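Analysis of the macromolecular model
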Amino acid sequence: MNDEMPEPVRVAVERARAAGFAYSCEPAVGRLLATLAAGVPEGGRVLEIGTGAGVGLAWLVSGLLPRTDATVTTIERDLGRAGLVAGGDWPEFVDFRTGDALELLPGLGTYDLVFADAEAGKQVGLELTIAALSPRGVLVVDDMVPAPGVVWDAEFTGRQEAVRRTLVGHERLVAVELTGHGSGVILATAR
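Residues numbered from 1 in each chain as written. Predicted model: local features only at pLDDT ≥ 70, side-chain atom pairs only at ≥ 80, totals over all residues. Heavy atoms only, no water.

1. Structural notes on the packing of aromatic side chains
Put simply, the rule reads: The pairing test for Phe, Tyr and Trp rings, Trp by its six-membered ring, is centres within 6.5 Å, and the orientation test on the planes gives stacked under 30 degrees, edge-to-face over 60, and tilted for anything in between. Exposure classes here rest on a 1.4 Å probe applied to the protein chains alone. A residue is buried below 20% of its type maximum, exposed above 50%, and partly exposed in between. Whether a charge sits over a ring depends on NZ of Lys or CZ of Arg being within 6 Å of the ring centre and within 35 degrees of the ring normal.
Per the stated rule, a full pass over the model turns up 3 aromatic pairs. When the ring of phenylalanine 21 is compared with that of tyrosine 23, the centres are 6.0 Å apart and the planes differ by 80°; the resulting orientation is edge-to-face. The exposure class assigned to tyrosine 23 is exposed, which follows from its relative accessible area of 68%. Here tryptophan 152 and phenylalanine 156 contribute two aromatic rings whose centre-to-centre distance is 4.9 Å and whose plane-to-plane angle is 75°, an arrangement assigned as edge-to-face. Among the residues examined, phenylalanine 156 registers a relative accessible area of 30% and is labelled partly exposed. For arginine 45, the ring lying beneath its charged end belongs to tyrosine 111, and the centroid distance is 4.1 Å.

Here it is as structure tokens:
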């Protein structure tokens, strides 16, 4: 297995470290994102909800490059983080949106690949995220198991369990839980 990080990811990891951002996409999940991004159809659309410091975005971009036919839209609510990431050296096919995902999602259309990595669009407004999937679109939701040494409180555990139940039982989705992969992933495809 190649453990070397693609250049966009290395830069994003450094940005996250310098900013003190501790919630970046884990490498195992990132490699899954890159793999799925590489399979997006020609002219495809990718959506990331929760840009953070741009590490997940960098994995998505690394899976698409050297292609330029797809677009990646990334949404970040925090103005400071959004500005920090948008100031990086990104391909022209990356579209930065700042704001509340729950307000933005209804006007964005549908996507071939969605990475839901924020409270909005995952724990709150999950149906909006599912509605943003094109037919046969793929949804990736991570952080479905506690990190080693971390104990979730009852409220957070309940919210994550509601996400899990919705995704694995949704009539529009075919889903699989990959609890042994990175931070725990649910991968779902729209019918």
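There's plenty left to go through after this.
2. Brief notes about helix 1 (residues 7-19)
Spelled out, the test is: The secondary structure listing takes helices from DSSP runs of H or I that are at least 4 residues long and strands from runs of E that are at least 2 residues long, numbered from the N terminus. Helix span, as expected, comes to 1.5 Å for every residue beyond the first. Regarding the arc, it is the one traced by the directions from the helix axis to the C-beta atoms. A contact between two residues is defined here by any heavy atoms of the two lying within 4.5 Å.
Over its 13 residues, helix 1 extends 18 Å from the first C-alpha to the last, a length consistent with the 18 Å expected when each residue adds 1.5 Å. The set of residues buried in helix 1 consists of Val9, Ala12, Arg15 and Ala16. With its buried residues spanning 120° around the axis, helix 1 presents them on a single face. Relative to its buried face, helix 1 has exposed residues pointing more than 90 degrees away, namely Arg17 and Ala18. Along its buried surface, helix 1 packs onto helix 3 (55-64) and helix 4 (79-86). Directly after helix 1, the chain includes glycine 20, whose backbone phi takes a positive value near 70°.

3. Focus: unusual backbone geometry
Of note, the bond from leucine 65 into proline 66 is cis; its omega dihedral lies within 30 degrees of zero at 10°. Mapped onto the elements of the fold, proline 66 is located in the loop between helix 3 and strand 2 (71-76). Residue arginine 136 is not a glycine yet carries a positive backbone phi of 70°. Relative to the assigned elements, arginine 136 resides in strand 5 (residues 133-141). Taking the relative accessible area as the measure of exposure, arginine 136 reaches 65% and is therefore exposed. A positive phi angle, close to 60°, is found at aspartate 143, a residue other than glycine. Position of aspartate 143 relative to the elements: it lies in the loop between strand 5 and helix 7 (154-169). Residue classification places aspartate 143 among the partly exposed positions, given a relative accessible area of 31%.

4. Let's talk about the nonpolar core
Put simply, the test is: As used in this record, nonpolar core signifies buried Ala, Val, Leu, Ile, Met, Phe, Trp, Tyr and Cys residues forming a set joined through side-chain atoms within 4.5 Å.
Counting 32 residues, the largest nonpolar core has Leu33, Leu64, Leu113 and Val140 as its most contacted members. At the level of secondary structure, the elements contributing two or more residues to this core comprise helix 1, helix 2 (27-38), helix 3, strand 4 (111-116), strand 5 and strand 7 (185-190). Broken down by element, the residue count for this core peaks at 7 residues, all from helix 3. Setting aside residues up to four positions removed in sequence, valine 140 forms contacts with Leu33, Leu36, Leu113, Val114, Phe115, Ala116, Val185, Ile186 and Leu187. Core analysis: the next-biggest nonpolar cluster, separate from the first, contains 23 residues, Leu133, Leu139, Ala188 and Ala190 among them.

No statement about biological role is implied by the geometric values presented.
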